[in-house]
Amino acid sequence: MSDTIKTIGVLTSGGDAPGMNAVVRAVVRKAITNGVNVKGIKKGYQGLLNEEIIDMHAGSVADIIQKGGTVLGTARCREFTTEEGQKLGAEICRKHGIDGIVVVGGDGSYKGAAALSRQGINTIGVPGTIDLDISCTEYTIGFDTAVNTAMEAIDKIRDTSSSHERCSIIEVMGRAAGYLALWCGIANGAEDILLPEKYDFNEQQIINNIIRNRKRGKTHHLIINAEGIGHSTSMARRIEAATGIETRATILGYMQRGGSPTCKDRYFASVMGAYAADLLCQGKSNRVVCYQQGQFVDYDIEEALNMKKSISEYEYEVSRCLSGNV
Ligand code: ADP
Ligand code: F6P
């Protein structure tokens, strides 16, 4: 452990994700075990600039591992994207004796962490987003809970869709990424799966699939549409007009971000949070904790931000094959 690291902070930033509380708990308890004090910074970088900083001890994080959302709160903060904002953030850290910060969030939050480390405050990122869209890691905390929440909701929509012999378009979150849509598409046995990374906007093809399936006797037709494509309601209107089959759109929305984290999210959050606290306590900075090929590892933030990942061609092919569209 480093002799110069006496106090670290922890903040959650960007969209909240189930499991963020488990990260906070792990950071606090691991750092304390390492002999380092911990402060909680409320509402992300906005709370840092507003000096919403609280002392944390082992008891402060009792009874939160099972809770959705983030007890620290989160925010999006435009001021922190400016150099003045970042300088102010670093000054506030020094004023409160904070030597380093664990930042739980997505790529945007990592950019803020990199900026803070350039201003002399050590930072470590932990991947917290339901979107699974951080390239340097095969897993992001929150994805498992969100995809299970969406899957259960879609099963319910399937019941009523079959009863009414309707076509249903269900829009799932994911920002520009199609991971949530792909996983739900496969897990819910959808007839069409529209991913931003793959969709060619050939709506006639979807219409043909619906008509063909109806002729084959299928009573429902589930289309999983990714948020990155959007326009589910107008798509439903056009499909209904073209097929004569009642078509409804459901946008699952924020329910996907809430709820008690699954075991997988609590486990990854706990290990990654502890790992991040250890890195900070060792005096490391400008790193992100990742999961790659069965191992927890860490990378330089800039290197991590330059990495690329995409939907697996094979998994996409499987989704098309199982939905009957090849
Ligand atoms: P996520 O972390 O989930 O990707 P955002 O993209 O909204 O979410 O980023 C969260 C916050 O991180 C932003 O509100 C902002 O305060 C900070 N941030 C984003 N981009 C930058 C940047 N280029 N430089 C500094 N801070 C940034
Ligand atoms: O990044 C998580 C996420 O829920 C995305 O799936 C979605 O595009 C975005 O956040 C919504 O953000 P906001 O809370 O600002 O509406």
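Residues numbered from 1 in each chain as written. Chains lettered and ligands numbered in written order. Predicted model: local features only at pLDDT ≥ 70, side-chain atom pairs only at ≥ 80, totals over all residues. Heavy atoms only, no water.

K.L.:
Break down helix α6 (residues 179-187) for me, citing the residues and quoting the values.
P.N.:
All of the buried residues in α6 are Y179, L180, A181, L182, C184 and G185. The elements touched by buried residues of α6 are α5 (143-163), β6 (167-172), β7 (192-194), β8 (221-226) and α11 (313-322). Count one or two residues on from α6 and you reach G189, which has phi positive near 60°. (Buried < 20%, exposed > 50% of the residue type's maximum accessible area, 1.4 Å probe, protein only. Helix = DSSP H or I, 4+ residues; strand = E, 2+ residues; numbered from the N terminus. Contact = heavy atoms within 4.5 Å.)

K.L.:
Could you give an account of the side chain of Q256, naming the residues involved and the relevant values?
P.N.:
Take Q256: it is sitting in the loop between β9 (247-251) and α9 (263-281). By relative accessible area, which is 0% here, Q256 ends up buried. Of note is the side chain of Q256, whose polar atom sits 2.7 Å from the backbone oxygen of G253. Those residues in contact with Q256 that lie beyond four places of it in its chain are I130, A146, T149, A150, V172, M173 and L180. (Polar contact = N/O pair within 3.5 Å; in protein donor to acceptor, adjacent residues only side chain to side chain.)

K.L.:
Pulling in residues and values, what's your account of the sheet that holds strand β10 (residues 287-292)?
P.N.:
By definition, the strands of a sheet pair up through backbone hydrogen bonds, in either a parallel or an antiparallel sense. The strand order β3-β2-β1-β4-β5-β10-β11 describes an open sheet built from seven strands, whose pairing is mixed. A single partner strand is all that each edge strand has here, and the edge strands are β3 (53-56) and β11 (295-300). Each strand axis lies, on average, 25° off the axis of its neighbour in the sheet, ignoring direction. Looking at chain direction, strand β5 (residues 122-127) and β10 are connected through two bridges and run parallel. Residue pairing for β10: G125 is matched across the bridge by V288. (Pairing = 2+ DSSP bridges. Axes fitted to C-alpha atoms, helices over the stretch in contact; angles between N-to-C directions.)

K.L.:
How would you sum up the packing of aromatic side chains? Please name residues and give values.
P.N.:
Overall, the coordinates contain seven aromatic pairs when judged by the stated rule. Aromatic side chains Y45 and F80 sit 4.1 Å apart centroid to centroid with 5° between the ring planes, which places their arrangement in the stacked category. Note that Y45 is positioned in helix α2 (residues 44-49) and F80 in the loop between β3 and α3 (83-95), a separation of 35 residues in sequence. Looking at F80, the relative accessible area reads 2%, which means it is buried. These aromatic residues form a ring-pair network of at least three members: Y139, F268, Y291 and F296. Lying across the ring of Y179, K309 places its NZ or CZ 5.1 Å from the centre. (Phe/Tyr/Trp six-rings, centres within 6.5 Å; stacked < 30°, edge-to-face > 60°. Lys NZ or Arg CZ within 6 Å of the ring centre and 35° of its normal.)

K.L.:
Tell me about the domain arrangement of the protein chain, residues and numbers included.
P.N.:
Each assigned domain of the protein chain is listed here: domain 1 (7-142 + 261-305) and domain 2 (147-257). Inter-centroid distance (C-alpha atoms) of domain 1 to domain 2 is 35 Å. Contacts between domain 1 and domain 2 engage nine residues on the former and nine residues on the latter. When the area that domain 1 buries against domain 2 is broken down by residue, the three leading residues are I130, D131 and L132, summing to 53%. Our count for the contact surface shared by domain 1 and domain 2 stands at one salt bridge. Its salt-bridge partner being R257, residue D16 comes within 2.8 Å of it at the nearest N-O pair. Where domain 1 touches domain 2, the interface holds one residue pair in polar contact (both at pLDDT 80 or more). Counted by class, the side of domain 1 that touches domain 2 contains three nonpolar, two polar and four charged residues. (Domains from an automatic or database assignment. Buried area = accessible area lost by both parts, 1.4 Å probe. Salt bridge = Lys/Arg side-chain N within 4 Å of Asp/Glu carboxyl O. Nonpolar A, V, L, I, M, F, W, Y, C, P; charged D, E, K, R; others polar.)

K.L.:
Give me the packing of α5 against α6: which residues, what numbers.
P.N.:
A pair of packed helices is captured by two measures, namely the crossing angle of their axes and the spacing between those axes. One can describe the packing of α5 onto α6 by two numbers: an axis separation of 10 Å at closest approach and a directional angle of 45°. Here α5 is positioned oblique relative to α6, judged by the angle of their axes. In this structure, the crossing between α5 and α6 has a hand that is right-handed. Across from F143, A146, V147, A150, M151 and I154 in α5, the residues of α6 making contact are Y179, L180, W183, C184 and A187. A per-class count over the contact of α5 with α6 returns eleven nonpolar, no polar and no charged. (Parallel < 35°, antiparallel > 145°, perpendicular 65-115°, else oblique. Left-handed = near helix turned anticlockwise from the far one by under 90°.)

K.L.:
Give a detailed account of the site of ligand 2, specifying residues and quantitative values.
P.N.:
All residues in the neighbourhood of ligand 2 are listed as R76, T129, I130, D131, M173, G174, R175, E227, Y254 and R257. R76 places a side-chain nitrogen or oxygen 2.4 Å from an oxygen atom of ligand 2. In this structure, D131 approaches ligand 2 through a side-chain N or O atom, which is 2.7 Å from an oxygen atom. Look at ligand 2: alone it shows 400 Å² of surface, and the protein chains cover 77% of it. The pocket occupied by ligand 2, as judged from atoms lying within 2 Å of grid points, is the largest pocket. Viewed by domain, the shell around ligand 2 spans two of them, domain 1 (7-142 + 261-305) and domain 2 (147-257), each represented by three or more residues. (Near = heavy atom within 4 Å. Areas by Shrake-Rupley, 256 points an atom, 1.4 Å probe, with all protein chains shown as cover. 1 Å grid on protein atoms, 1.4 Å probe; cavity = no way out; pocket = protein on both sides within 12 Å on 5 of 7 lines; lining within 4 Å. Sits in = over half its atoms within 2 Å of the grid points.)

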